[in-house]
Amino acid sequence: GIAPENPTFITGSLPAGELGNQYSAWLLGIGREGNLTYSVTGNGLPPGLSLDAASGKITGMPTQPGRFALECVVDDSNAATPPGTRKLDLAIIDPPPPSITTEPDFGQAYLNYAFDASVGASGGFGSLRWSMSGLPKGLSFNPKTRTISGHPKEAGEFRPEAKVTDGREDSD
């Protein structure tokens, strides 16, 4: 097709981002002459995000929640034409604290037999940190893989407790 007389935006909205999680979105425009350049004026991007002026890509890890009103500008190499502008809202949400969604089934643990189970969580931001207490001898917890494994060496009734944090709050 034929490019418009003045630079203009194709991007109509931006996806929401989450506090502490990687964000990536594009400002896309079209223009008649040369390479396009992108900028955000006014209050700028949310803290932790940056804009590549040549590509229009917004990336980073937001550090502040809220709704941000962005004044976006796209320009081409023709100084005689006015740049294109568009107001876009960008919401950075604060995800809920992490909560454990998968508990291991210890009913299947037998003395001296191999045992393997895992735990899972949802919510939180950034890296989740795990801990486990109350395991019987012979079983161990790997926080990186969130797995409990080994060969139980003692009989009895045990109530292990998993905890997960994201740096803000505890959850159990």
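Below: a short report on this structure. Sequence order as written defines residue numbering, which begins from 1 separately in each chain. In view of the model being predicted, local features appear only for residues whose pLDDT reaches at least 70, and side-chain atom pairs are presented and counted only at 80 or more, with totals across whole chains, interfaces and linings using the full set of residues. Note: side-chain values were computed over all heavy atoms of the structure, leaving out hydrogens and water.

### Some thoughts on the overall build of the protein chain
So, step 1. A tally of helices and strands in the protein chain yields zero helices and 17 strands.
So, step 2. In summary, the protein chain has a C-alpha radius of gyration of 25 Å against a globular reference of 16 Å for 172 residues, an excess of more than 25%.
So, step 3. Principal-axis analysis of the C-alpha atoms places the extent of the protein chain at approximately 85 × 30 × 20 Å.
So, step 4. Only protein chains enter the calculation, and the probe is 1.4 Å; a residue is then buried if its accessible area is under 20% of its type maximum, exposed if over 50%, and partly exposed in between. Out of the 172 residues belonging to the protein chain, those deemed buried represent 35%.
So, step 5. Whether two residues are in contact is decided by their heavy atoms: any pair within 4.5 Å suffices. Partitioning the intrachain contacts of the protein chain with sequence separation of at least 6 by distance along the chain shows that 61% fall at a separation of at least 24.
So, step 6. Surface exposure of the protein chain reaches about 9,900 Å², of which carbon and sulfur atoms provide 49%.
So, step 7. Both charge centroids of the protein chain, one from 13 positive and one from 19 negative side chains, sit 4 Å from each other. Every helix listed is a DSSP run of H or I at least four residues long, and every strand listed is a run of E at least two residues long, numbered separately from the N terminus. We take the radius of gyration over the C-alpha atoms and set the globule estimate at 2.2 Å times the residue count to the 0.38 power. Only the protein chains shown count as cover for residues, and all accessible areas are computed by the Shrake-Rupley method using a 1.4 Å probe. Positive charges are assigned to Lys and Arg, negative charges to Asp and Glu, while His and the chain termini are left out of the count. Here the site of a charge means NZ on Lys, CZ on Arg, CG on Asp, or CD on Glu.

### Points about the pairing of strand β7 (residues 57–60)
So, step 1. The alternating pattern of β7 places I58 and G60 on a buried face, while none of K57 and T59, on the opposite face, is buried.
So, step 2. With four bridges joining them, strand β3 (residues 23–26) and β7 adopt antiparallel strand pairing. Its bridge partner being in β7, W26 is matched across the sheet by K57.
So, step 3. Two successive antiparallel strands, strand β6 (residues 49–51) and β7, enclose a turn made up of five residues, where G56 displays a positive phi of approximately 85°. Strands are labelled as partners when DSSP assigns at least two bridges between them.

### Here we look at the nonpolar core
So, step 1. Side-chain atoms within 4.5 Å are what join buried Ala, Val, Leu, Ile, Met, Phe, Trp, Tyr and Cys residues into a set we call a nonpolar core. L14, L27 and L70 are the most contacted members of the largest nonpolar core, which has 20 residues in total.
So, step 2. Put simply, the parts of the chain that give this core at least two residues each are β3, β5 (37–41), β8 (66–75) and β9 (84–93).
So, step 3. Considering each element in turn, this core owes the most residues, four residues, to β8.
So, step 4. Formed by eleven residues, the second largest nonpolar core is a distinct cluster that contains I100, A117, F141 and I148.

### Some details on unusual backbone geometry
So, step 1. At N112, a residue that is not glycine, the phi angle is positive and equals roughly 65°.
So, step 2. Of the residues examined, N112 reaches a relative accessible area of 47% and is grouped as partly exposed.

### Describing the sheet that holds β7
So, step 1. Pairing is antiparallel across the open sheet formed by three strands, whose spatial order is β3-β7-β6. Of all strands in the sheet, those bounded by a partner on one side alone are β3 and β6. Going from strand to strand, the sheet's axes swing by 15° on average, the running direction of each strand aside.
So, step 2. Sheet topology places β6 next to β7; three bridges connect them, and they run antiparallel. Note that in β7 the partner of S50 across the bridge is T59. Interaxial angles span 0 to 180 degrees and are taken between N-to-C directions of axes, which are lines fitted to C-alpha atoms, for helices over the stretch in contact.

Read these as geometric descriptors, not functional statements.
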